Amino acid sequence: MSDYIQINPSDNVAVALRALPKGFSATIGDNTVTLAEDIPAGHKFALRDFAEGDKVIKYGFPISHTTQAVGKGHWLNEHNVHTNLSGLSTYTYNPTHVKPVFTDEHRTFKGYVRKNGDVGIRNEIWIVPTVGCVNGIANRLAEQLRNETHCDGVDAIEAFPHNYGCSQLGDDHENTRKILRDIVLHPNAGAVLVLSLGCENNQPDAFRELLGDYDESRIRFMVCQRVDDEVEEGMRILRELYAIAREDRRTDVPLSKLRVGLKCGGSDGLSGITANPMLGVFSDWLVAQGGTTVLTEVPEMFGAETLLMNRCRDERVFNDTVSMINNFKEYFIQAGQPIYENPSPGNKAGGISTLEEKSLGCTQKSGSSTVEAVLSYGSRLSTPGLNLLSAPGNDLVASTALGAAGCHLVLFTTGRGTPFATFVPTIKVSTNTPLYNSKRQWIDFNAGTLVSGDSMKEISSRFAEFVLDVAGGQRTNSEKNGYHEIAILKKGVTL
């Protein structure tokens, strides 16, 4: 096992792969560095002397500048470096040639083919409230149906409570409607009960129209204010839906049908070295199979956005990407908040000092494929290949947005650990082995072995097979634990 790594030959810092003590000697090429202080795992140490204001280079790019002189062998962290980012930016399209790394292997997976030709990787019964007022009823109905059926013949029975659907205006109201519409139409659901109160802003009849053409035998509505006993009526409808959904069977479908969201949360200094690059390899592989991957967390693209912009299919997609980035920056400005107030305390504790450093690690999840399209928040996928999605970095909101866009599952890398999962299967990938060993009930796959002997080819191949197993029905840890949540973006006032 290596003790440290210089990620790019031009880097003037190295990263400790384990906790390194003061006095430890690191040799990189002709340069020998004796550590002047203890360096925690995942953190950076200086490979040369820095004067105040010098650029710190990692991943081959500037990630910060020093705020004071830092000697060779010293620890570089948020206390002595600062972001180079400020204000809004202008961009020029400089397209880079993207050379495919993989070829189409004509693989399949076991999925559920729906009436409209879409494919799901789960066959679940969902209860989706149009408004938070009926959350209790939704949870009660889901629990009663689970107790009655023991989920025999279906993968799960879930309710998705949320806080919204009323007392919202403008974009907030429309965002709620779009996300709930996308959930109701998601192919991982074999049947859905849309549960309304009746007097909310998100009126059930208008919401029904928003769904467009849908399978009325599998998507049913109940308005609680219009029935005498909402539990009795709800259970009657759910029993009918259950009888339909439990007859569905998995069949072989082309891997080109699979849509996967890419997300990271609780990142650490190894995220950009292990788990995120591994997801990038997987993304490139799936795209080569004709499948779809989606990268989101727009604020965590700041500082690395040009790498994505220059991989855009054409100038139209480039302009869409520029708009996505600048619109998100304007969102911060209009709220009177700093654009670059990131990373989080957990990120800093894990070794990430600035937003550029976080972004350069984060965007590695997208691999090297061409960016084919840009989605607005609440929009649904229509273009195969690598897509960008406008959503914040917040784990719950961004993961929900990925599922709502049509992703069948979310790949979630983490260096700190989290039990969270959204309404589609959420595969947790640890960046380091100690996290995997301590949180086996959370983590599904360990990418930390990349720094202890596994090659990227070996681990990425093993990971691809694991993802296909999950797509074919193998449950993630969060599914075993019964963790399913949704969160909707809120920008404006609440009435």
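Before any of the text, the structure's been laid out above.
Residues numbered from 1 in each chain as written. Predicted model: local features only at pLDDT ≥ 70, side-chain atom pairs only at ≥ 80, totals over all residues. Heavy atoms only, no water.

Caption draft 1: Molecular detail of the overall build of the protein. In terms of helices and strands, the protein carries 13 helices and 23 strands. Computed over C-alpha atoms, the radius of gyration of the protein comes to 24 Å, within 12% of the 23 Å expected from 2.2 N^0.38 for 495 residues, which places it in the range of a compact globule. With respect to the principal axes defined by its C-alpha atoms, the protein has extents near 80 × 45 × 40 Å. Here the protein, with 495 residues, has 57% of them falling under the buried criterion. The contacts in the protein between residues at least 6 apart in sequence include a share of 70% that link residues at least 24 apart. In the form shown here, the protein has an accessible surface area of approximately 19500 Å², with 47% of it arising from carbon and sulfur atoms. Separation of charge centres in the protein, based on 48 positive and 58 negative side chains, amounts to 2 Å. (Helix = DSSP H or I, 4+ residues; strand = E, 2+ residues; numbered from the N terminus. Rg over C-alpha atoms; globule rule 2.2 N^0.38 Å. Buried < 20%, exposed > 50% of the residue type's maximum accessible area, 1.4 Å probe, protein only. Contact = heavy atoms within 4.5 Å. Areas by Shrake-Rupley, 256 points an atom, 1.4 Å probe, with all protein chains shown as cover. Lys, Arg positive; Asp, Glu negative; His and termini not counted. Charge placed at Lys NZ, Arg CZ, Asp CG, Glu CD.)

Caption draft 2: Main features of the sheet that holds strand β17 (residues 259-264). In space, the seven strands of this open sheet follow the order β19-β20-β18-β17-β21-β22-β23, with parallel pairing throughout. If you trace the sheet from one side to the other, it starts and ends with β19 (371-375) and β23 (445-446), each paired once. As paired strands, β17 and strand β21 (residues 409-414) are joined by five bridges and run parallel to one another. Within the sheet, the bridge partner assigned to L262 lies in β21 and is L411. (Pairing = 2+ DSSP bridges.)

Caption draft 3: Just the side chain of R177, in detail. Examined against the element boundaries, R177 turns out to sit in helix α2 (residues 170-184). The residues touching R177, leaving out its near neighbours within four places in the chain, are N202, A206, F207 and L210.

Caption draft 4: Just the sheet that holds strand β5 (residues 44-46), in detail. Spatial ordering of the open sheet is given by β1-β2-β5-β8, a layout of four strands whose pairing is antiparallel. The strands lining the two open edges of the sheet, one partner per strand, are β1 (4-5) and β8 (75-76). Here strand β2 (residues 13-16) pairs with β5 via three bridges, running antiparallel. In the strand pairing of β5, V13 is matched with A46.

Caption draft 5: Layout of the packing of helix α5 (residues 275-288) against helix α12 (residues 456-471). Interaxial distance between α5 and α12 falls to 10 Å at its minimum, and their mutual angle equals 65 degrees. Seen from above, α5 lies across α12 with right-handed handedness. The residues of α12 that touch α5, namely those facing P277, M278, L279, V281, F282 and W285, are M456, I459, S460, F463, A464, V467 and L468. Across the contact of α5 with α12, the residue classes tally to 12 nonpolar, one polar and no charged. (Axes fitted to C-alpha atoms, helices over the stretch in contact; angles between N-to-C directions. Left-handed = near helix turned anticlockwise from the far one by under 90°. Nonpolar A, V, L, I, M, F, W, Y, C, P; charged D, E, K, R; others polar.)

Caption draft 6: Structural view of empty space enclosed by the protein. The final tally for this structure, using the stated rule, is one cavity of 30 Å³ or more. The volume enclosed by the largest cavity comes to roughly 70 Å³. The wall of the largest cavity is formed by 13 residues, among which D268, S271, G272, I352 and E357 lie closest to the centre. At four residues, the largest contribution of residues to the lining of the largest cavity is made by helix α9 (residues 355-362). (1 Å grid on protein atoms, 1.4 Å probe; cavity = no way out; pocket = protein on both sides within 12 Å on 5 of 7 lines; lining within 4 Å. Points joined across faces, edges and corners; volume = space filled by probe spheres on them.)

Caption draft 7: Quick look at the nonpolar core. Formed by 50 residues in total, the largest nonpolar core has its most connected members in L258, M278, F282, L411, I427, V429 and F463. Those elements giving two or more residues to this core turn out to be β17, α5, α6 (305-309), α7 (315-334), β20 (385-389), β21, β22 (426-430) and α12. With eight residues, the top contributor of residues to this core is α12. The contacts of I427, once residues within four sequence positions are left out, are L409, V410, L411, F412, D444, F463, F466, V467, V470 and T476. If you look at the next biggest cluster of nonpolar residues, it comprises 36 residues, including V192, F221, A401 and V410. (Core = buried A, V, L, I, M, F, W, Y, C linked by side-chain atoms within 4.5 Å.)

Remember, this is a structural readout, not a statement about activity or role.
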